[in-house]
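Take a look at the letters that make up each chain.
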Amino acid sequence: MESMTFVLFGATGDLAKRKIFPAIYNLYLDQKLPQPISVIGLGRSNLSHINFQEKVKESIITFSRRFEHETAEMGDFLNAFRYNTLDVNNTGDYQKLLHLVKQREEELQIKENRMFYLSVAPEFFDIIALNIRDSGLGATNGWKRLMIEKPFGHDLQSARQLNKKLSSAFEEEEIYRIDHYLGKPMVQNLEALEFANPVLQSIWNKKHIANVQITASETVGVEKRAGYYDQAGAIRDMVQNHMLQMLMMTAMNLPKKINASEIRNEKRKVIEALLPVKKEDVHTQIVRGQYISGEINGQRVPGYKDETGVDSDSNTDTFIAARVWIDNPFWSGVPFYIRTGKRMREKSTRIVIEFKNTLDLNQKVEPNLLIIEISPGENVSLQLNSKNPMNNGNIEPVRINFSCEDSVGNGSEVPEAYERLIYDALIGDSTFFAHWKEVELSWEWVQPILDAFDENLLPFHEYSSGSYGPDASNSLLLENGFKWWLDEKIQENKEKLLLK
Ligand SMILES: NC(=O)C1=CN([C@@H]2O[C@H](COP(=O)(O)OP(=O)(O)OC[C@H]3O[C@@H](n4cnc5c(N)ncnc54)[C@H](OP(=O)(O)O)[C@@H]3O)[C@@H](O)[C@H]2O)C=CC1
Ligand SMILES: O=C1O[C@H](COP(=O)(O)O)[C@@H](O)[C@H](O)[C@H]1O
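This one's a predicted model, so the numbers in the text were calculated from it and none came from an experiment. (Residues numbered from 1 in each chain as written. Chains lettered and ligands numbered in written order. Predicted model: local features only at pLDDT ≥ 70, side-chain atom pairs only at ≥ 80, totals over all residues. Heavy atoms only, no water.)

(A) Summary view of the sheet that holds strand E2 (residues 37–43). Strand order in the open sheet made by the six strands is E3-E2-E1-E4-E5-E6, with parallel pairing throughout. Looking at which strands have only one partner, the edges of the open sheet turn out to be strand E3 (81–85) and strand E6 (175–177). For this sheet, the mean angle separating the axes of adjacent strands, direction not counted, is 20 degrees. Sheet topology note: the E2/E3 ladder contains five bridges and is parallel. Among the inter-strand pairings, Gly-41 is bridged to a residue of E3, identified as Tyr-83. Of the strands in this sheet, strand E1 (4–9), E3 and strand E4 (114–118) are in contact with helix H1 (residues 14–29), which crosses E1 at around 165 degrees. (Pairing = 2+ DSSP bridges. Helix = DSSP H or I, 4+ residues; strand = E, 2+ residues; numbered from the N terminus. Axes fitted to C-alpha atoms, helices over the stretch in contact; angles between N-to-C directions. Contact = heavy atoms within 4.5 Å.)

Next comes the structure, spelled out in structure tokens:
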């Protein structure tokens, strides 16, 4: 890998502390960092290089699952870090930054390859990109790349405006838009599941699949992010990006060649084929909700409106369920259901593929299911039907489980999303980053939903914390003769409860 400078805007922030520094450290341990590397942290806080290195060390000790004890290697690692005080609006500060970047490039004899990572509030994305261009930081004789955090815009128009500004400083190939769901091992495994298994490949279409259910439910509430979340809601926070990215990854056709441009091309075809929902019809395809107080894991939790920083009459959505139709020859007529919410019964991200039931037995049998657990566990299981000799030979569903954690080693060795994504960006592989076309088309699909929310054209449901969301989300599936498939463990528990 080529030597480079890694410039981190927002180096004193929460994301840097919890995710970025530990990820860089883990890459260092795995010898996946270029040698030498210069890392320059930026923020308005007044820190010396040593203070900054101490902060990086603290974050690694606290948040890296690989940290055991301090070694001489840690010293070498920290030695690559420098700090520069910078206010994003102050053009003079970019000149000081340029001076430090060049000084380190000369000291370390590294090429002018520059990675700029924007871990700052979204309102700063454009101003930073323009200053990188205008200050000369972007005028390198090596490569330059921009890693950019979410959210990418607040709606279709603002996303387009932002992209226009970024494009005046960076080419599309130089922009790495992070969607951390694309860094999750099981999301990355989706193409391999289909690609490497002819059995699955042959049935991955409307002829055999009855519906697809993509869930990302969380038990946490809004936490300390009310300022951002109350303006965003689940529709912007999760649906426009993570949920639609998972949908694209599930429904895309296998490209002839597995590379970034082919995969992104196939994903784009899926998002392009989504049936638009007219503002007036949003109420027929989308369910929105907001959590009220309830119990999670035996603990009483407050309702959304009572959370710190939330407006007491806020009508921000903390839950969304949607029925999505893909109008192409492979998927037309197959509903894709997506569902995401905060303060739900379980923390679970998973994709359930329900196969069509074509058998004509005297007995009602459950459909075959392929269940892809994305997090917290990484697992694939298949629900088949089999005779149960202990129950008069009745046909009953059995689950065949393939734990991916077992096959890749113990959980702590599996690289986390940020590690994977930072590594990919360092080597210039943009496969698991969102292309502008995907982002724009996602906003295009979401925009009428935002408009309908603004004009209050659909019901606003409350749901108890610790539940599965509003009942209306069940109706969305019932209308097509389906139901949400719940987590296996929950099902087992329910059965036990019924037996009591
Ligand atoms: N935290 C998380 O879990 C996640 C965050 N994100 C995204 O990552 C980005 C960063 O989030 P997060 O770390 O939580 O935010 P924080 O508020 O914790 O950190 C913001 C950073 O920006 C710096 N900053 C603020 N104002 C300025 C300024 N005028 N000039 C220069 N630097 C400034 C702050 O440094 P200082 O105060 O020293 O100036 C700080 O380093 C956001 O886009 C967020 O949406 C995405 C997914 C998850
Ligand atoms: O991007 C976000 O994702 C998290 C959920 O991520 P996960 O990896 O824990 O599933 C969500 O809590 C947050 O609101 C959102 O901004």
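(B) View of unusual backbone geometry. Cis geometry marks the peptide bond from Lys-150 to Pro-151; its omega dihedral reads -5 degrees. Going from Ser-375 to Pro-376, the amide bond is cis rather than trans, its omega being 5 degrees. Along the chain, the position of Pro-376 falls in the loop between strand E14 (369–375) and strand E15 (379–388). Here the phi dihedral of Gln-109 falls at roughly 55 degrees; this positive angle occurs in a residue that is not glycine. Of the residues examined, Gln-109 reaches a relative accessible area of 68% and is grouped as exposed. Even without a glycine there, the phi angle at Asn-456 is positive, about 55 degrees. (Buried < 20%, exposed > 50% of the residue type's maximum accessible area, 1.4 Å probe, protein only.)

(C) Geometry of the UniProt feature "binding site: NADP(+)" (unreviewed entry) in the protein chain. The positions UniProt marks with the feature "binding site: NADP(+)" (unreviewed entry) are Gly-10, Ala-11, Thr-12, Gly-13, Asp-14, Leu-15, Ala-16, Lys-17, Arg-44, Asp-87, Val-88 and Lys-150. In this structure, the largest cavity is lined, among the annotated residues mentioned, by Lys-150. Inspection of the secondary structure assignment puts Leu-15 in helix H1. The exposure class of Arg-44 is exposed, given its relative accessible area of 67%. Look past the residues within four positions of Arg-44 in its chain and what remains in contact with it is Tyr-83, Thr-85, Leu-86 and Asp-87. (UniProt positions renumbered as here; feature names shortened; annotations may be inferred. 1 Å grid on protein atoms, 1.4 Å probe; cavity = no way out; pocket = protein on both sides within 12 Å on 5 of 7 lines; lining within 4 Å.)

(D) Inspection of the side chain of Arg-114 at higher detail. Within the secondary structure layout, Arg-114 lies in strand E4. On the basis of relative accessibility, which here comes to 0%, the residue Arg-114 falls in the buried class. In this view, Arg-114 contacts Thr-5, Leu-98, Val-101, Lys-102, Glu-105, Gly-136, Leu-137, Ala-139, Thr-140, Trp-143, Lys-144 and Arg-145; residues no more than four positions away in its chain are not counted.

(E) A look at the site of ligand 1. Lining the immediate environment of ligand 1, one finds 21 residues, of which Thr-12, Arg-18, Arg-44, Ser-45 and Val-120 sit closest. One of the backbone nitrogen or oxygen atoms of Leu-15 is found 2.8 Å away from an oxygen atom of ligand 1. Between an oxygen atom of ligand 1 and a side-chain N or O atom of Arg-44, the distance comes to 2.7 Å. The protein chains hide 77% of the 880 Å² of surface that ligand 1 would expose on its own. For the shell around ligand 1, a count of residues per class yields nine nonpolar, six polar and six charged. (Near = heavy atom within 4 Å. Polar contact = N/O pair within 3.5 Å; in protein donor to acceptor, adjacent residues only side chain to side chain. Areas by Shrake-Rupley, 256 points an atom, 1.4 Å probe, with all protein chains shown as cover. Nonpolar A, V, L, I, M, F, W, Y, C, P; charged D, E, K, R; others polar.)

(F) Looking closely at the packing of helix H10 (residues 260–272) against helix H14 (residues 436–454). As a packed pair, H10 and H14 sit with axes 9 Å apart at the nearest point and diverge in direction by 10 degrees. Taken as axis vectors, H10 and H14 run roughly parallel relative to one another. Along the contact surface, H10 presents Arg-264, Lys-267, Arg-268, Ile-271 and Glu-272, while H14 presents Lys-437, Glu-438, Leu-441 and Ser-442. Residues belonging to the contact of H10 with H14 are distributed by class as follows: two nonpolar, one polar and six charged. (Parallel < 35°, antiparallel > 145°, perpendicular 65-115°, else oblique.)

(G) Focus on the site of ligand 2. Close to ligand 2 lie Lys-150, His-180, Tyr-181, Lys-184, Glu-218, Arg-225, Asp-237, Met-238, His-242, Lys-342 and Lys-347. Here Glu-218 contributes a side-chain N or O atom positioned 2.5 Å from an oxygen atom of ligand 2. Within the complex, the protein chains bury 83% of what would otherwise be the 400 Å² of accessible surface of ligand 2.

(H) Structural context of the domain arrangement of the protein chain. Partitioning the protein chain into structural domains gives domain 1 (4–149) and domain 2 (182–479). Across the boundary between the two partners, domain 1 contributes 21 residues, which contact 15 residues of domain 2. Overall, the association of domain 1 and domain 2 removes approximately 1400 Å² of surface from exposure, summing both partners, and the carbon and sulfur fraction of that is 66%. Broken down residue by residue, the surface that domain 1 buries against domain 2 is led by Leu-27, Arg-65 and Met-147, which jointly contribute 37%. At the boundary of domain 1 and domain 2, one finds five residue pairs in polar contact (both at pLDDT 80 or more). Of all the elements in the fold, those that place two or more residues in the side of domain 1 that touches domain 2 are E1, H1, E4 and strand E5 (144–148). At seven residues, the largest contribution of residues to the side of domain 1 that touches domain 2 is made by H1. Of the residues contributing to the side of domain 1 that touches domain 2, the split by class is 13 nonpolar, one polar and seven charged. (Domains from an automatic or database assignment. Buried area = accessible area lost by both parts, 1.4 Å probe.)

(I) Local environment of the pairing of strand E11 (residues 319–325). The buried fraction of E11 is high, at six of seven residues. With four bridges connecting them, strand E8 (residues 286–292) and E11 associate as antiparallel partners. Of the residues in E11, the one forming a bridge with Gly-289 is Phe-319. The pairing of E11 with strand E12 (residues 335–341) spans seven bridges and is classified as antiparallel. Its bridge partner being in E12, Ala-322 is matched across the sheet by Ile-338.

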